[in-house]
Amino acid sequence: MESTPTLFAPASGFGRAAIAVLRLTGPACGPLLAALASGCPPPRRLSLRTLRDPGSGEILDRALVAWLPGPATYTGEDMAELHLHGGLAVRAGVIRALAAFPGCRAAEPGAFTRRAVLNGRLDLTEAEGIGDLIDAETEAQRRQALRQLDGTLARQVAAWRARAIDCLAGAEAVLDFSDEGDVDDAGLDGALLTRAAALRDEIAAALRDDRRGERLREGFCVVLAGAPNAGKSTLLNALSRRDAAIVSDLPGTTRDMIEVRCDLGGLPVVLVDTAGLRETEDRIEAEGIRRTRARMASADLVLRLIPADAPAVAGPDCPERTLAVTTKADLAAKPVAGLCVSALSGEGLDRLLDAIEARARAEIGGADALITRERHRAALARCVASLDRVVAGAPLPELVAEDLRLAVRALGEVGGHVGVEEMLDRLFAGFCIGK
Ligand code: GDP
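Residues numbered from 1 in each chain as written. Predicted model: local features only at pLDDT ≥ 70, side-chain atom pairs only at ≥ 80, totals over all residues. Heavy atoms only, no water.

Caption draft 1: Local environment of a nonpolar patch on the surface. On the surface, Leu46, Leu48 and Leu64 cluster together into a nonpolar patch covering about 260 Å² of accessible area. Take Leu46: it is sitting in strand E3 (residues 46–52). (Patch = residues over 30% accessible without salt bridge, like charges linked within 9 Å, V, L, I, M, F, W, Y side chains within 5 Å. Areas by Shrake-Rupley, 256 points an atom, 1.4 Å probe, with all protein chains shown as cover. Salt bridge = Lys/Arg side-chain N within 4 Å of Asp/Glu carboxyl O. Helix = DSSP H or I, 4+ residues; strand = E, 2+ residues; numbered from the N terminus.)

Caption draft 2: Expanded view of the pairing of strand E2 (residues 19–25). In terms of burial, E2 is largely enclosed, as six of its seven residues are buried. Note: strand E1 (residues 6–10) against E2, four bridges, orientation antiparallel. Pairing of Pro10 across the sheet is with Leu22, part of E2. Two strands pair when backbone bridges link them, and E2 and strand E5 (residues 79–85) are joined in this way by seven bridges, in the antiparallel orientation. Directly across from Val21, in E5, lies its bridge partner His83. (Buried < 20%, exposed > 50% of the residue type's maximum accessible area, 1.4 Å probe, protein only. Pairing = 2+ DSSP bridges.)

Caption draft 3: Seen up close, the sheet that holds strand E4 (residues 59–68). A sheet is described by the order of its strands in space; here six strands give the open sequence E3-E4-E5-E2-E1-E6, paired in mixed fashion. Each edge of the open sheet is held by one strand with a lone partner, namely E3 and strand E6 (104–106). The average undirected angle you get between the axes of adjacent strands in this sheet is 30 degrees. The pairing of E1 with E6 spans three bridges and is parallel. The residue of E6 that forms the bridge with Leu7 is Arg105. Along the sheet, helix H3 (residues 111–118) contacts E1, E2 and E5; its crossing angle with E1, the most-contacted strand, is approximately 140 degrees. (Axes fitted to C-alpha atoms, helices over the stretch in contact; angles between N-to-C directions. Contact = heavy atoms within 4.5 Å.)

Caption draft 4: Structural detail: the environment of Ala162. Within the secondary structure layout, Ala162 lies in helix H6 (residues 152–179). C-alpha separation for the pair Ala162 and Val408, spaced 246 residues apart in sequence, amounts to 8.3 Å.

Caption draft 5: The pattern of salt bridges, seen in detail. Applying the stated criterion across every chain, the model contains 23 salt bridges. The partner of Arg147 in a salt bridge is Asp368, with the nearest N and O atoms 3.2 Å apart. Taken together, the positions of Arg147 in helix H5 (residues 139–149) and Asp368 in the loop between helix H11 (349–364) and helix H12 (374–391) put the pair 221 residues apart, joining distant regions of the chain. Looking at Asp368, the relative accessible area reads 53%, which means it is exposed. Within the structure, one salt-bridge network assembled from shared partners comprises Glu128, Asp132, Arg217, Arg373 and Arg375.

Caption draft 6: Representation of the sheet that holds strand E12 (residues 339–340) within the structure. The strand order across the open sheet built from six strands is E8-E9-E7-E10-E11-E12, with neighbouring strands paired in mixed fashion. At either margin of the open sheet sits one strand with a lone partner, and together these are strand E8 (258–264) and E12. Examined bridge by bridge, strand E7 (residues 220–225) and strand E10 (residues 301–307) share four bridges and lie parallel to one another. Note that in E10 the partner of Ala225 across the bridge is Arg304. Packing of helix H9 (residues 232–240) onto the sheet brings it into contact with E7, E8, strand E9 (267–273) and E10, and relative to E9 it is tilted by some 155 degrees.

Caption draft 7: Structural view of unusual backbone geometry. Between Gly70 and the following residue, Pro71, the backbone shows a cis peptide bond with an omega angle of 5 degrees. Of note, the phi angle at Asp210 is positive, near 55 degrees, even though the residue is not glycine. Here Asp210 lies in the loop between helix H7 (190–207) and helix H8 (212–218). Among the residues examined, Asp210 registers a relative accessible area of 62% and is labelled exposed. A positive phi angle, close to 55 degrees, is found at Arg211, a residue other than glycine. Tracing the backbone shows Arg211 in the loop between H7 and H8. For Arg211, a relative accessible area of 33% corresponds to the partly exposed category.

Caption draft 8: A look at the state of the cysteines. Going through the model one piece at a time under the given rule, you end up with zero disulfides. Among the cysteines around Cys40, which has no disulfide bond, Cys29 carries the closest sulfur, lying 8.9 Å off. You can call Cys40 partly exposed: its relative accessible area is 35%. (Disulfide = S-S within 2.5 Å.)

Caption draft 9: The UniProt feature "binding site: (6S)-5-formyl-5,6,7,8-tetrahydrofolate" (unreviewed entry) in the chain, seen in detail. As annotated in UniProt, the feature "binding site: (6S)-5-formyl-5,6,7,8-tetrahydrofolate" (unreviewed entry) corresponds to Arg23, Glu81, Arg121 and Lys435 in the numbering used here. Residue classification places Glu81 among the partly exposed residues on the basis of a relative accessible area of 21%. Structurally, Lys435 is set in the segment after helix H14 (420–428). Judged by relative accessible area, which is 21%, Lys435 ranks as partly exposed. If we skip the residues at most four places from it in the chain, Lys435 touches Arg23, Tyr74, Gly110, Ala111, Phe112, Thr113, Ile130 and Ile134. (UniProt positions renumbered as here; feature names shortened; annotations may be inferred.)

Caption draft 10: Quick peek at the nonpolar core. One finds Val222, Leu271, Leu303, Leu352 and Ile356 to be the most contacted residues of the largest nonpolar core, which totals 30 residues. Only E7, H9, E8, E9, E10, strand E11 (322–327) and H11 provide two or more residues apiece to this core. Among the elements that make up this core, the one with the highest residue count is H11 (six residues). For Leu352, the contacting residues outside a window of four places in its chain are Leu235, Leu239, Leu303, Val325, Leu339 and Val341. Membership of the second largest hydrophobic core comes to 29 residues, among which are Ala196, Ile203, Ala407 and Leu411. (Core = buried A, V, L, I, M, F, W, Y, C linked by side-chain atoms within 4.5 Å.)

Caption draft 11: Fine view of helix H13 (residues 397–415). Between its first and last C-alpha atoms H13 spans 28 Å; for 19 residues at 1.5 Å apiece the expected length is 27 Å, and the two agree. One or two residues past the end of H13 sits Gly416, with phi positive at roughly 80 degrees. (Expected span 1.5 Å × (residues − 1).)

Caption draft 12: Geometry of the side chain of Lys232. Positionally, Lys232 belongs in helix H9. Within the local environment of Lys232, its side chain forms a polar contact with the backbone oxygen of Ala227, the two atoms lying 2.8 Å apart. (Polar contact = N/O pair within 3.5 Å; in protein donor to acceptor, adjacent residues only side chain to side chain.)

Below you can see the structure in the form of structure tokens.
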């Protein structure tokens, strides 16, 4: 009997629906289908079958069944899909029958993709691409996820790794040579160091990308800042056309941050409403203000809101990331220069959205990013640091070889060729069940 458990999970959403898809992977798929659907259907096509509880023989549903024998499957194992009627009782009944079948159990989030990685069907960056594709809310995010799923990053890193291994082999050869006693002749050849330097420069250049890929995943962050009653919450509602923030006349109502994710021309933009900036005795509000300042410091763009009916206030802290916006334009006594909006009349809102979109496009909408996660960045930076030491010319071939080994290892981590289990745990903590 095989020890690998067979996993099952709903692959479609929860709740009542026309169809509910259950997905299975593992060695018991064949026997299970045989028992459940009175014989294994022909492979790789949908067959209409009556499903019976293998224990009691009771009819559970009439459903489309797919039998997908491995290894040419998503997980690399035998797989099956059950396209059930989407009623809650149907699904519960089938799940009960599956759970009772020997060797079968419910899957954890990301379990299918985990098996795909462990069986060599996907590398870790491709698995991340799948996670990002499921999470993608805008076109630009979808394109980036598909590129990564397509192996763009995996191929680049594999090519770098092959070159690092090549350098390492060169250094190891020198070490072997010096072991044979002919130490005097055993210098590291200059060509090897030149190759290591070229590789380092290439990876370092890829790292100088303003974190475009990560920022596209996370969304371009726009913080609405300004004194209490400047009109932040009202503007956020008007901009997002959603009722996300509480609007009130009492200064200091917006105690914590409220985020609204929007799609501006295919780009993900996160609008953040913040606690008003003012001196306060209220401890909760003071905490809100502390967080506001932190969020403003890390924002991609700060909208500094100044009401048309209030006296001008001090200028922005960081002019290049700040847009000054006059709010409550309907209350202005005379025409106001620059960006000027009224959440009440709708005046200027489209211009402001265009201005935000233009900024977002300039910063995260440009050339395709290769690096999309801090994890990739950290590993590549470690690789560059190791290659830096190689290029700086360590006095001993042993040290050069060790640094090259570290460089190869760091590159291997990106694709999950090293320390894969730990990284899988981290990645799949955020995955859907059934993927
Ligand atoms: P916040 O404290 O900066 O979030 O400000 P709010 O959005 O809560 O708005 C404060 C007050 O200004 C509320 O009474 C709003 O109705 C009012 N207000 C907001 N935007 C406008 C506007 O465009 N025109 C006018 N006349 N009043 C506004």
